[in-house]
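A structural walkthrough
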Amino acid sequence: MRKEEVVPKIGFAQYEVEFGEYDKNTATITRLAESAKGADLLVFPELGLTGYEFKDAREVERYAEPFGAGPTSETLKKLAKRLKMTLAIGYPEYTTRGCFNSAMLATPDGKLHNYRKLHLFSREKELFTPGDAEPPVIKTPAGRVGLMICFDWFFPETARILALKGAQIIAHPSNLVLNWCQRAMFCRCLENAVFAVTANRIGVETRAGRKLRFTGASQVVDPKGDTLVKATEAEEYVGLVDVDLALADDKHVTPLDDRLEDRRPEHYGALAEAQTQGTLA
Ligand code: ACM
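Residues numbered from 1 in each chain as written. Predicted model: local features only at pLDDT ≥ 70, side-chain atom pairs only at ≥ 80, totals over all residues. Heavy atoms only, no water.

**As for the packing of aromatic side chains**
The cut-off we apply is this: Aromatic rings from Phe, Tyr and Trp, with only the six-membered ring used for Trp, were paired whenever their centres fell within 6.5 Å, and each pair was classed as stacked if the ring planes differed by under 30 degrees, edge-to-face if by over 60, and tilted otherwise. Burial here depends on accessible area, computed with a 1.4 Å probe over protein chains only, as a share of the maximum for the residue type. Under 20% is buried, over 50% is exposed, and the range in between is partly exposed.
One pass over the full model with this rule turns up 13 aromatic pairs. Taking the centre distance of 4.8 Å and the plane angle of 55° together, the rings of Trp153 and Phe154 count as tilted. A relative accessible area of 7% means that Trp153 is categorised as buried. With relative accessibility at 39%, the residue Phe154 sits in the partly exposed group. Members of the aromatic cluster, each reached through a chain of ring pairs, are Phe121, Phe151, Trp153, Phe154, Phe155 and Trp180.

**Notes on the sheet that holds strand 6 (residues 137–140)**
Applied cut-off: Criterion used throughout: strands pair if DSSP finds at least two bridges between them. Per the convention used, a helix needs a DSSP run of H or I reaching at least four residues, while a strand needs a run of E reaching at least two, with both numbered from the N terminus. Every axis in this analysis is a line fitted to C-alpha atoms, fitted for helices over the stretch in contact. Angles between the N-to-C directions lie between 0 and 180 degrees. Contacts are residue-level and defined by heavy atoms, with any inter-residue pair within 4.5 Å sufficient.
Ordered by their spatial adjacency, six strands build an open sheet running 6-7-8-9-12-13, and the pairing between neighbours is mixed. Of all the strands in the sheet, just strand 6 and strand 13 (227–230) have a single pairing partner and so form its edges. The mean angle between the axes of side-by-side strands here comes to 20°, regardless of whether they run parallel or antiparallel. For strand 6 and strand 7 (residues 143–147), the ladder comprises four bridges, and the chain directions are antiparallel. Across the sheet, residue Ile138 finds its bridge partner in strand 7, namely Val145. Packing of helix 6 (residues 181–192) onto the sheet brings it into contact with strand 8 (169–173), strand 9 (195–199), strand 12 (219–221) and strand 13, and relative to strand 12 it is tilted by some 25°.

**Brief notes about the pairing of strand 10 (residues 204–207)**
Two faces make up the sheet, and in a regular strand the side chains alternate between them. The two faces of strand 10 differ: Glu205 and Arg207 on one face are buried, but Val204 and Thr206 on the other face are not. Summarising the sheet, strand 10 and strand 11 (residues 210–213) pair through four bridges and their orientation is antiparallel. For Val204, the partnering residue across the bridge sits in strand 11 and is Arg213. Between the end of strand 10 and the start of strand 11, which pair antiparallel, lie two residues, with Ala208 showing a positive phi angle near 50°.

**Looking at the nonpolar core**
Going by this rule: To form a nonpolar core, buried Ala, Val, Leu, Ile, Met, Phe, Trp, Tyr and Cys residues must be joined to one another through side-chain atoms within 4.5 Å.
Among the nonpolar cores identified, the biggest contains 42 residues, and Ile10, Trp153 and Ile169 are the most heavily contacted of them. Discounting residues that sit within four places of it in the chain, Trp153 has contacts with Met148, His172, Leu176, Trp180, Cys181, Ala184, Met185 and Arg188. Ranked by size, the runner-up nonpolar core spans 23 residues in total, among them Val17, Ala80, Met85 and Ile89.

**Brief notes about helix 1 (residues 22–35)**
As a reminder of what qualifies: To estimate how far a helix should extend, the number of its residues minus one is multiplied by 1.5 Å.
Helix length check: helix 1 (14 residues) gives 20 Å between terminal C-alpha atoms against 20 Å at 1.5 Å per residue, within 8%. On its buried face, helix 1 is in contact with strand 1 (9–14), strand 2 (41–43), helix 3 (71–83), strand 3 (86–95) and strand 14 (237–242).

**Topic: the state of the cysteines**
Filter applied, for reference: Whenever a pair of cysteine sulfur atoms sits within 2.5 Å, that pair is classed as a disulfide.
This model, assessed by the stated rule, comprises zero disulfides. Sulfur of Cys99: no disulfide; nearest cysteine sulfur belongs to Cys150 and is 19 Å away. Given a relative accessible area of 7%, Cys99 falls into the buried group. In this structure Cys181 is not part of a disulfide, and its nearest cysteine sulfur, from Cys150, lies 6.7 Å away.

As structure tokens, this is what we get:
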């Protein structure tokens, strides 16, 4: 693959999303994006303007909006254009076939792209319809950016398919509540030679008798598995770093070993099966 010479500044905005405080959360992402001077790509958390712990599916529907025709689309498009940044954020997407836990990405030329979370976590299964399409990779001024959302990290197929589709950077809006993701992204990045921007949120949501604490520690990890910038677990923070995209174009492990070329998909049939087979030799 041709070496890129682009060295974009990429990163995350970590903050406390206040449930139901849409205007306040919009003001927060606007302030943080304005403070991210020189950023080419900035990633916000999953469900970054609404909050996470919906009481039930009817409440999701109240906050959900159609892709490209709601306040989050308008806000992100305008902000991306004005600040000349590529921006990604999670939001509840309304469709006549149900609501999806989605993420949109806006480029500075005013275009919008969408992804519907494939791997729903825990109660999300009662609240959302699971994603119905492959995760996208989008050509942006910051490089080729693939989208996945939070718990998608647990399924290595997600990052792999993004790498196979040419992603140099994975934008990963998140609302993490378990402790493994930040360490596990070492492996997702190393095995695919991609950068990953995990934008997590902070704070606690206590709703409908449940209490969720979000783990912060947003980070940017590089194709060698090194963490380039990381937030604390509980503080608002914008983390940015210049990255050499050529690192994500070279899939060699050694001169004789290549992460993508050396795969043996003809022997991976069970990976594409809907059910586990349990077929023993
Ligand atoms: C998660 O997928 N929000 C844990």
